[in-house]
Amino acid sequence: MNNKEVINLYIEDRQDTLEWSGDDVEIEILDEVVTFILNDIKQKYQTDLLTLRDQENQYYEIDQIVEFKRPHTYITIPQRHDVKTLAKNELRTNRNIYTIKKDSVLLDKYKEASKVESIEYQITAIKKANQKYVDTLIGIFDDLVIQPKKRNSIKNEIAKPIQFQNEPESPKFGQSPKESVSPSWILRKSLSDSSKKNDLKQFTIDEVAKHNTINSAWIVINSKVYDVTKYLNKHPGGQEELMKGVGTDATPLFMQNHPWVNAHYLLEQFQVGFLINHK
Ligand code: HEM
């Protein structure tokens, strides 16, 4: 009964672990969960290109993670990481553990040794999120002058590794990508971010809590503080729903309702700062 299986995905300081008991879980479900994780990584790292490699540095494709139940997959972003050195020994401070059952997935998030969040997803919600992700992505790219080449094939080619004939000079961890090797849309995004960054402040959760009315409505999603006063009547789920999260760190509520929504894309103009985690 206890034939527990595990797949690990690593990128920088993040480790995502899928755990399941071999008898209970169909391979399609594992595929959905892996896709869900890779989509999340793509959103967080703002890229649609991820390469997957094993411990021997061999490239492979997304469906091979599950098909061969590879225990360790190292993920890199071609223009951002030095592809010659796999960061096998990075300190993984952010760990996400997905316990997969027949119809649901329990996600436990850890920061260093402490559990910071626990979310239960129905498999149907994960499937819906994967489907929605494609739509969200198209929405994002519509706004950019330069379109990524694979825009129409993203759905079928999630995370397909790309190979360079001559490997480009890649920045090391922690350095920002060089202009010459960055896809222009990433560059564009980071430039617009940095010009605004000067105005952004740091807030404690107590300061955020003061803005809990429809006349001044602040909300925290993924450590970013947004003044959503002007977004309240635009929220597709309704003002009343959004008000449930106002004045708080609403990341868990947000994730329960629509993990596929890219909040930062929608709310960037309303960002006023960052949340400081004090103590
Ligand atoms: C401030 C950040 C938020 C943003 C940018 C946002 C954005 C959205 C978007 C784009 C949708 C449409 C989703 C779709 O059609 O797939 C939506 C729906 C919804 N949102 Fe939010 N939301 C936010 C916060 C919240 C919070 C805090 C809650 C709950 C307390 C919430 C509850 C809902 C609900 C219940 C729906 C309807 C879902 C459905 O029709 O299936 N949202 N939101």
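Note that this is a predicted model, so its numbers are computed, not measured.

### So, the side chain of T251
Piece 1. Tracing the sequence through the fold places T251 in helix 7 (residues 251-257).
Piece 2. On the accessibility criterion, T251 (8% relative accessible area) is buried.
Piece 3. A distance of 2.6 Å separates the side chain of T251 from the side chain of D249, its partner in a polar contact.
Piece 4. For T251, the residues in contact, after removing those within four places along its chain, are V220, I221 and N222.

### Comments concerning the pattern of salt bridges
Note on pairing: side chains with opposite charge can pair once their charged atoms come close.
Piece 1. Enumeration according to the criterion identifies seven salt bridges in this entry.
Piece 2. With a shortest N-O distance of 2.7 Å, R14 and D16 are connected by a salt bridge. As far as burial versus exposure is concerned, R14 and D16 are alike and both buried.
Piece 3. D40 serves as the salt-bridge partner of R14, at 2.9 Å between the closest nitrogen and oxygen. A residue pair is termed long-range when its members are at least 10 positions apart, and R14 in strand 2 (residues 14-21) and D40 in helix 1 (residues 27-45) qualify at 26 residues.
Piece 4. A relative accessible area of 22% means that D40 is categorised as partly exposed.
Piece 5. Residues participating in the shared-partner salt-bridge network are R14, D16, D40 and K44.

Reading the values: rules and limits
Residues numbered from 1 in each chain as written. Predicted model: local features only at pLDDT ≥ 70, side-chain atom pairs only at ≥ 80, totals over all residues. Heavy atoms only, no water. Helix = DSSP H or I, 4+ residues; strand = E, 2+ residues; numbered from the N terminus. Buried < 20%, exposed > 50% of the residue type's maximum accessible area, 1.4 Å probe, protein only. Polar contact = N/O pair within 3.5 Å; in protein donor to acceptor, adjacent residues only side chain to side chain. Contact = heavy atoms within 4.5 Å. Salt bridge = Lys/Arg side-chain N within 4 Å of Asp/Glu carboxyl O.

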